[in-house]
Amino acid sequence: MKKRGIGYGSGLYGVGFGFSRPDTSAAYVEVGEDGSVTLFTGCADMGQGSTTVLSQIAAEELGVDYHLVRTVSADTGATPDAGPSTASRQTYVSGTAVKRAAADVKESLLEMASVLTGCPAGDLSIRGGEIYARGEDAPRVSLAEVANACHRRGKRFIGTGWADITTKDVDPDTGQGNAYASYVYFTQVAEVEVDTDTGEVTVLRVVAAHDVGYAINPQSVEGQIEGACSMGIGYALTEEIPVTGGVMKTSSLAEYLIPTALDMPPVVPIIVEAPDPTGPFGAKGAGEPAAIPTAPAIINAIYHAVGVRITELPATPEKILKALGRRE
């Protein structure tokens with residue numbers, strides 16, 4: 001017999017290292033003589049899309065088209081340290097450093113634009129690579145012209161940015177206090193089908209709502225949520241490392257089963273935006289948090305379906321049948 005159930009998993013996650021560990025990042029933004037933009041960041045993009053997001057942040061702050069930004073990343077010979085790509089921190093901390101670097105070079109460019117146009121720098125803004133005076137529809141001068149003037153006059157047209165999200169107020173003895181600079185919140189709902197004859201669990205659908213602060217790139221955030229749910233499903237149902245006498249019996253990925261595309265149910269990502277003023281344009285993090293509530297939601301759904309509580313992951317068919325037998 002096949003029975004269906006629905007389960008929920010909710011929680012929060014601290015963005016960054018936390019617990020008074022140094023958590024910093026730096027970035028450079030350079031505007032070339034032709035108005036092109038080069039971003040230097042030590043952030044390593046492992047497929048999470050950080051290069052795209054950081055480029056978008058630089059472009060938005062500078063007022064130029066995203067496609068004009070060239071990003072040099074994770075080059076120890078050329079880029080400043082941005083810390084590791086872990087703890088869902090890069091958009092939050094490196095994004096802040098990039099935004100500040102772009103703002104720094106923008107300030108220099110607008111000062112030169114003020115000299116060229118005669119308008120106060122505070123009345124000038126950059127849109128689409130052109131510099132406008134307040135209340136005017138026609139540009140006064142192009143960003144490329146200003147950058148070229150900076151170059152010819154020996155003026156600075158490279159900006160630096162630094163971000164430090166290290167929390168200072170956690171008690172080192174008790175661990176109590178504000179452990180993280182920012183937090184994200186989430187709830188996932190899983191619908192499952194349990195075969196009471198075989199113990200097999202099929203995940204039919206996952207709905208995942210995640211507060212990311214502000215989604216710099218919504219498509220990237222959705223991809224992170226979907227990928228994290230696949231990891232959560234594997235954690236809940238298939239990924240097992242048996243240890244006997246201190247010896248790990250799972251010797252290769254041939255025995256360590258992870259979900260394939262055929263195992264994945266529809267995932268419905270819901271982006272909840274609650275901007276954090278300490279993040280770049282309000283952004284926080286999206287990577288690891290989405291993997292946390294999937295397994296609890298699935299285990300709760302199994303309980304709802306067949307009335308047995310699995311307390312040791314993964315919830316294999318053998319464990320479910322054993323639990324059903326004990327209940328009977």
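Before reading further, recall that the structure is shown in the block above.
Residues numbered from 1 in each chain as written. Predicted model: local features only at pLDDT ≥ 70, side-chain atom pairs only at ≥ 80, totals over all residues. Heavy atoms only, no water.

A. Examining the pattern of salt bridges more closely. This structure, assessed with the given rule, holds nine salt bridges. With a closest N to O distance of 3.2 Å, Glu61 and Lys106 form a salt bridge. Placement of Glu61 in helix 1 (residues 50-62) and of Lys106 in helix 2 (residues 90-117) is noted, with a sequence separation of 45 residues between them. Residue class for Glu61 comes out buried when judged on its relative accessible area of 12%. Between Arg140 and Glu136 there is a salt bridge; the shortest N-O distance is 2.8 Å. Members of the salt-bridge network, linked through shared partners, are Arg4, Glu191 and Glu193. (Salt bridge = Lys/Arg side-chain N within 4 Å of Asp/Glu carboxyl O. Helix = DSSP H or I, 4+ residues; strand = E, 2+ residues; numbered from the N terminus. Buried < 20%, exposed > 50% of the residue type's maximum accessible area, 1.4 Å probe, protein only.)

B. Examining the sheet that holds strand 3 (residues 37-41) more closely. Strand order in the open sheet formed by four strands is 4-3-2-8, and the pairing between neighbours is mixed. Two strands bound the open sheet, and with one partner strand each, they are strand 4 (69-73) and strand 8 (158-164). The average angle at which neighbouring strand axes cross in this sheet is 20 degrees, direction not considered. Against the sheet, helix 1 makes contact with strand 2 (24-31), strand 3 and strand 4, and its axis sits at roughly 135 degrees relative to strand 4, the strand it touches most. (Pairing = 2+ DSSP bridges. Axes fitted to C-alpha atoms, helices over the stretch in contact; angles between N-to-C directions. Contact = heavy atoms within 4.5 Å.)

C. View of the pairing of strand 2. Taken together, the seven bridges between strand 2 and strand 8 define a ladder with antiparallel strand orientation. Considered in strand 8, the bridge of Tyr28 is made with Thr160. In textbook terms, the turn of a hairpin is the stretch between consecutive antiparallel strands, and for strand 2 and strand 3 this stretch comprises five residues, one of which, Gly35, has a positive phi near 90 degrees.

D. The nonpolar core, seen in detail. Counting residues in hydrophobic clusters, the biggest one holds 46 residues, and the most contacted among them are Val29, Val31, Leu62, Leu109, Ile131 and Val146. Residues Ala190, Val203, Ala228 and Ile320 belong to the second largest nonpolar core, which totals 33 residues. (Core = buried A, V, L, I, M, F, W, Y, C linked by side-chain atoms within 4.5 Å.)

E. Here's a closer look at helix 6 (residues 317-327). Within the span of helix 6, buried status applies to Ile320, Ala323 and Leu324. Down the axis, helix 6 shows its buried residues gathered within 100 degrees of arc, on one side only. Exposed and facing more than 90 degrees away from the buried side of helix 6 are Glu318, Lys322 and Arg326. On its buried face, helix 6 sits against strand 9 (182-195), strand 10 (201-211) and helix 5 (294-306). (Arc of directions from axis to C-beta.)

F. The packing of aromatic side chains, seen in detail. A complete count under the given rule lists one aromatic pair for this structure. When the ring of Tyr180 is compared with that of Tyr183, the centres are 5.7 Å apart and the planes differ by 80 degrees; the resulting orientation is edge-to-face. On the basis of relative accessible area, Tyr183 is assigned to the partly exposed category, the value being 23%. Above the face of the Tyr132 ring, Arg127 is positioned so that its terminal group lies 3.8 Å from the ring centre. (Phe/Tyr/Trp six-rings, centres within 6.5 Å; stacked < 30°, edge-to-face > 60°. Lys NZ or Arg CZ within 6 Å of the ring centre and 35° of its normal.)

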